[in-house]
Amino acid sequence: MRFAEHTIRRRRLLQWSAAAAVAPGLAAPACAAESSGASPVAEGQPFPRGVSLPSSPPPAPDADSVGIAIVGLGGYALAQIMPAFASARGCHIAALVSGNEEKAKRVAAAYGLEEDSIYNYENFDDIAADDRVDAVYIILPSGLHADWTEKAFAAGKHVLCEKPMALSAGECERMIAASTKAGRKLMIGYRCHFEPCNLRAMALMRDSAIGDLRLIRTAHQYRTGMATPAENWRLNRALAGGGPLEDYGLYGLQAALYLTGEMPSSVSAYTLQPENDARFREIFAHVSTQLQFPSGAVAQLATSYDSFGVNALTARGASGALVMEPATSYRGNTMLLQSYGSSETLTPGESSVQFAEQLSHFADAVREDVVIKTPGEMGLRDVRLIEAIYQSAATGRKLALNPDGTVAS
Ligand code: NAD
C-alpha cells in the first residue's frame, strides 16, 4: 500500500473507532476494520469439500459418558473434532445442530445417531428437554459464539466453545455470566493446551531450559483465496472480527502467554488493510504485534491472511532457544532445543492427540468437576488483549496494559 493510501485508511479507521466508542448504546468495537453492519445469524452451509465421514458408526457409549451436541457441521467439526471422539474418554456425540437438514442426516447416519437427535437453528431450544445431551460444542463462525453459548446455557447444558471465545470482551463477559447463572461449565477450545509439543514447551520454559526468556517470535500466516466477505465468513467482520488475529494469530498470542507465564505490561501493534482487494474490505490482511512483559521478555507476533504459509515459533533465552515449526498445527509439530554447543530434537508425542485430549478434559470437568485448563476467563483475557492490539494499531500508540489485559487509562 502506498503511504498516502495508508494514511487515509488509518485516518478513516480512527474516525470509525472514535465514532463507535462515543456513540451511546453501541458495543465497543471488536476491531478497527469496517463492518458491513449486518447482524450475524446462523444459517446452514453445504457439506464442506474434502471431508470424509467414518465408514462405521461408533460403539454405544458407557452409561456415564457425557453426551455432546455438535453445533455447526463445518470443516473443523467434521474433519477434526467429530472423528476424535473415537479416542476420547468419557464423552460421545449425542446430537447435531445444523441449518442444513440433508447434511445433518448424512452426518447422523455416519455417526449412528437417530434422526430425532438432529436439531436446527430454529428448534435448538428444544434441546433443553433432551436428556441425552449434557453439553454442546459450539463450532460456529466466531461472531455466533456468544449468542449460541448463551442459548446453550439457557437450555441448561455445559458448553465447550471454539476459539476465539467471541469478538468482544463484552460478549465474553456475557458468556461467563450466563455460565455462572446456569451453574454449568464453560471451556474454550484451546487445543494447544492438550498438544504434547506445546505442553513440553510450557514445561521447558517453567524449568528455565533456555535460561531467562528474552524473545518470543511467532508467525501464523497463510494466503486466503479470492473471495468476498459474503462468500467466506472468515472475511466478514461481523462473523470474524478483524480477521487473521482472531483466527490464526491467536495461537501466537496464546503461546506468548503460556511460554512466558506472564501477562504483558504494554502492547504496540500495526495492522494493514489493503485498498482495492475484495478479501480485505472488512478485515485486516496483516496484524503485527509487540508485547513487553514485566520480566523484560518481548514477544513479536505476526499473523496474515495474505502471505506464503507459515506456522512457527521461536523462544530465545539467555542460554538457548526453542524452535518449533510447525508449532501449533493439527499434526506433526516439531521441536528443536538448542544451547551453546548442542542441538536436540524433542519428540514428546504425536500432535493429533490434542483433539481427543481436549474432549476428555471437558468430559472430566463435566463429570468429575475437574478444574478447566482453558476456561472462559482465559478466552476473555485473550479477547481483551486483541482489543488492546487493535486499539494500539488504530491510534499508532504503545499502550500500557493492566494485569487483566485491559488498557491502562
Ligand atoms: P466452516 O466454515 O468450515 O464451518 C462453519 C459452520 O458453521 C458451517 O458449515 C455451518 O454449519 C455453520 N454456520 C452457521 N451459520 C453460519 C454462517 N452464517 N456462516 C457460515 N457458517 C455458518 O468453519 P470452521 O473452520 O469449521 O470454523 C468454525 C469455528 O471453529 C470457528 O470459530 C473457528 O475459529 C473454529 N476453528 C478452530 C480451529 C482450531 O484449531 N481450534 C480450527 C478451525 C476452526
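Residues numbered from 1 in each chain as written. Predicted model: local features only at pLDDT ≥ 70, side-chain atom pairs only at ≥ 80, totals over all residues. Heavy atoms only, no water.

J.: When you look at the sheet that holds strand 3 (residues 118-119) in this model, what are you seeing that I'm missing?
T.: One key point about sheets: their strands pair by backbone hydrogen bonds, in either a parallel or an antiparallel sense. The six strands are arranged 3-2-1-4-5-6 in an open sheet whose pairing can be described as parallel. Of all strands in the sheet, those with a lone pairing partner are strand 3 and strand 6 (186-188), marking the two edges. Pairing between strand 2 (residues 91-97) and strand 3: two bridges, direction parallel. Note that in strand 3 the partner of Leu96 across the bridge is Ile118. (Pairing = 2+ DSSP bridges. Helix = DSSP H or I, 4+ residues; strand = E, 2+ residues; numbered from the N terminus.)

J.: Quick question: what am I supposed to make of helix 3 (residues 101-110) here?
T.: Structural remark: α-helix, 3.6 residues per turn; residues separated by three or four positions point the same way. Those residues of helix 3 that fall on the buried side of the exposure criterion are Lys103, Ala104, Val107, Ala108 and Ala110. Viewed along the axis of helix 3, the buried residues span an arc of 160°, placing them on a single side of the element. Of the exposed residues in helix 3, the ones pointing more than 90 degrees away from its buried face are Glu101, Glu102 and Ala109. Put simply, Asn100 is the residue that caps the front of helix 3, since its side-chain oxygen is 3.2 Å from the backbone nitrogen of Glu102. Looking one or two residues past helix 3, Gly112 carries a phi angle of roughly 70°, positive in sign. (Buried < 20%, exposed > 50% of the residue type's maximum accessible area, 1.4 Å probe, protein only. Arc of directions from axis to C-beta. Polar contact = N/O pair within 3.5 Å; in protein donor to acceptor, adjacent residues only side chain to side chain.)

J.: I tried to follow the side chain of Arg384 on my own but got confused; where do I start?
T.: One can find Arg384 in helix 10 (residues 376-395). The residues contacting Arg384, other than those within four sequence positions of it, are Ala169, Glu173, Asp404, Gly405 and Thr406. (Contact = heavy atoms within 4.5 Å.)

J.: Sorry if this is basic, but what is going on with the side chain of Asn100 here?
T.: On the secondary structure map, Asn100 appears in the loop between strand 2 and helix 3. Look at Asn100 and you get buried, because its relative accessible area is 19%. A distance of 3.2 Å separates the side chain of Asn100 from the backbone nitrogen of Glu102, its partner in a polar contact. In contact with Asn100, other than residues within four places in its own chain, are Gly44, Gln45, Pro46 and Phe47.

J.: Before we go on, may I ask you to explain the site of the ligand in this structure?
T.: Near the ligand there are 27 residues, and of these Glu43, Gly75, Lys163, Arg191 and Tyr251 occur at the shortest range. In the model, a nitrogen atom of the ligand is placed 2.8 Å from a nitrogen or oxygen of the Glu43 main chain. Between the ligand and the protein, one listed contact pairs an oxygen atom with a side-chain N or O atom of Ser142 at 3.2 Å. If the ligand stood free it would expose 820 Å²; the protein chains cover 90% of that surface. At the level of secondary structure, the elements contributing two or more residues to the shell around the ligand comprise helix 2 (75-84) and helix 8 (244-260). Looking at side-chain class alone, the shell around the ligand contains 13 nonpolar, seven polar and seven charged residues. (Near = heavy atom within 4 Å. Areas by Shrake-Rupley, 256 points an atom, 1.4 Å probe, with all protein chains shown as cover. Nonpolar A, V, L, I, M, F, W, Y, C, P; charged D, E, K, R; others polar.)

J.: Is there a simple way to think about the pairing of strand 1 (residues 66-71) in this case?
T.: Walk down a regular strand and you will see the side chains alternate between the two sheet faces. Most of strand 1 is tucked away: six of the six residues are buried. Along strand 1, one buried face is formed by Val66, Ile68 and Ile70 and the opposite face, lined by Gly67, Ala69 and Val71, is buried too. Taken together, the six bridges between strand 1 and strand 2 define a ladder with parallel strand orientation. The residue of strand 2 that forms the bridge with Val66 is Cys91. Crossover handedness for the path strand 1 to helix 2 to strand 2: right-handed. In this sheet, strand 4 (residues 135-138) lies alongside strand 1 in parallel orientation, the contact comprising four bridges. Paired with Ile70 across the two strands is Tyr137, which belongs to strand 4. (Right-handed = clockwise from strand over helix to strand, strands pointing away.)

J.: For this particular structure, what's the right way to read empty space enclosed by the protein?
T.: Rolled over the atoms, a probe with the dimensions of a water molecule shows which regions are left empty. Taken as a whole and assessed by the stated rule, the structure comprises three cavities of 30 Å³ or more. Counted as a void, the second largest cavity has a volume near 60 Å³. Here the residues of the lining of the second largest cavity sort into five nonpolar, one polar and two charged. Built from parts of two domains, the lining of the second largest cavity gets at least three residues from each of domain 1 (4-191 + 370-376) and domain 2 (193-351 + 379-400). (1 Å grid on protein atoms, 1.4 Å probe; cavity = no way out; pocket = protein on both sides within 12 Å on 5 of 7 lines; lining within 4 Å. Points joined across faces, edges and corners; volume = space filled by probe spheres on them. Domains from an automatic or database assignment.)

J.: Explain the packing of helix 2 against helix 9 (residues 353-368) here, please?
T.: Two quantities define a packed helix pair, namely the angle between the helix axes and the distance between the axes. Close contact between helix 2 and helix 9 brings their axes to 8 Å; oriented N to C, the two are set at 65°. Taken together, the axes of helix 2 and helix 9 are roughly perpendicular relative to one another. Our pair here, helix 2 against helix 9, has a crossing hand that is right-handed. Facing Tyr76, Gln80, Ile81 and Ala84 of helix 2, the residues of helix 9 in contact are Phe355, Ala356, Gln358 and Leu359. Split by residue class, the contact of helix 2 with helix 9 holds six nonpolar, two polar and no charged. (Axes fitted to C-alpha atoms, helices over the stretch in contact; angles between N-to-C directions. Parallel < 35°, antiparallel > 145°, perpendicular 65-115°, else oblique. Left-handed = near helix turned anticlockwise from the far one by under 90°.)

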